[in-house]
Structures are given as C-alpha cells and as structure tokens.
Amino acid sequence: QVQLVESGGGLVQAGGSLRLSCAASGSTSTINVFGWYRQAPGKQRELVADISRAGSTNYVASVKGRFTISKDNVQNMVYLQMNSLNPEDTAVYYCNAVGWGPRTYTTWGQGTQVTVSS
C-alpha cells in the first residue's frame, strides 16, 4: 500500500525555522490528501496542514502565515516549511496520507520530534 517516513525534526531556538520532509512509497498514485499533524505533551493531536491531489491547502489558524505545506509529485515527497517557530510549536509531527486503491485507507508515519526553545 503506502508507507510514510518523516525527517527533519530537531531542536531550534524561538524565531528559527525547520523544514520537515515526508517520503511516500508504495502505491502513491492512490493518495488523495497529504497532511501534517502534531501532538504536544498532554495535548490532543491536531491537524496542522494538508494538501490535496490538486494542490489545495489548508492550515490550522495558529500556523497560518508561518508554515507552508508543499509537495513534489514526481519524487512523492511532502514538506512542511516552518518559520517563526515558538515554544508552542513543540510537538511530535506526523505525516499522514488518505487515499483509496481499492479500499480506502489512512497511513501514518512514525513521527519526528520538533522542540523549540525560548
């Protein structure tokens, strides 16, 4: 089916930037939507951003203007560019894909830690 592997997390100071990458493999032609989720300690997992097959994007209000989701259709890569990071962005970030072929499915990556210090 589809496998996802995230990378690019790390430790950064407030105001800094990180670029997360998600490599998709397998039946990538069946993917309809890619998403980035995050979960902070003691918090609910939340959708940060997503991007459709056609390229339409969606962002949670707290990251609008700071984060950008993008994809490379040829290399089957999804990215999350994170600028102006603050400590509230500290979380484990997960790549997600939803599609069908022949059954509908949702696939998660293993997660990558992002820590933003003051």
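Remember, it's a predicted structure, so these values are computed and weren't measured experimentally. (Residues numbered from 1 in each chain as written. Predicted model: local features only at pLDDT ≥ 70, side-chain atom pairs only at ≥ 80, totals over all residues. Heavy atoms only, no water.)

Which residues make up the pairing of strand 3 (residues 18-26), and what are the values?
Examined bridge by bridge, strand 1 (residues 2-7) and strand 3 share 6 bridges and lie antiparallel to one another. Residue pairing in the sheet places Gln 3 in a bridge with Ser 25 of strand 3. (Pairing = 2+ DSSP bridges. Helix = DSSP H or I, 4+ residues; strand = E, 2+ residues; numbered from the N terminus.)

Account for the packing of aromatic side chains, naming residues and giving values.
Considering all chains together, one arrives at 2 aromatic pairs under this definition. A ring pair is formed by Tyr 37 and Trp 108, whose centres lie 4.8 Å apart and whose planes are at 65°; its orientation type is edge-to-face. Within this pair, whereas Tyr 37 is found in strand 4 (residues 31-39), its partner Trp 108 is found in strand 10 (residues 104-108), the two being separated by 71 residues in sequence. Take Tyr 37: its relative accessible area is 22%, and that puts it in the partly exposed class. Summarising the aromatic geometry, the rings of Tyr 94 and Trp 108 are spaced 6.4 Å apart at their centres and angled 85° between planes, so their arrangement reads as edge-to-face. (Phe/Tyr/Trp six-rings, centres within 6.5 Å; stacked < 30°, edge-to-face > 60°. Buried < 20%, exposed > 50% of the residue type's maximum accessible area, 1.4 Å probe, protein only.)

Explain the sheet that holds strand 3 to me, using residue names and the numbers behind them.
Read from one edge to the other, the open sheet built from 4 strands follows the order 1-3-8-7, with strand pairing classed as antiparallel. Each having just a single partner strand, strand 1 and strand 7 (67-72) make up the two edges of the open sheet. Recorded for the sheet is a direction-independent mean angle of 15° between the axes of neighbouring strands. Note: strand 7 against strand 8 (residues 77-82), 6 bridges, orientation antiparallel. Bridging across to strand 8, Ile 69 finds its partner in Leu 80. (Axes fitted to C-alpha atoms, helices over the stretch in contact; angles between N-to-C directions.)

Nothing here speaks to function; it is all geometry.
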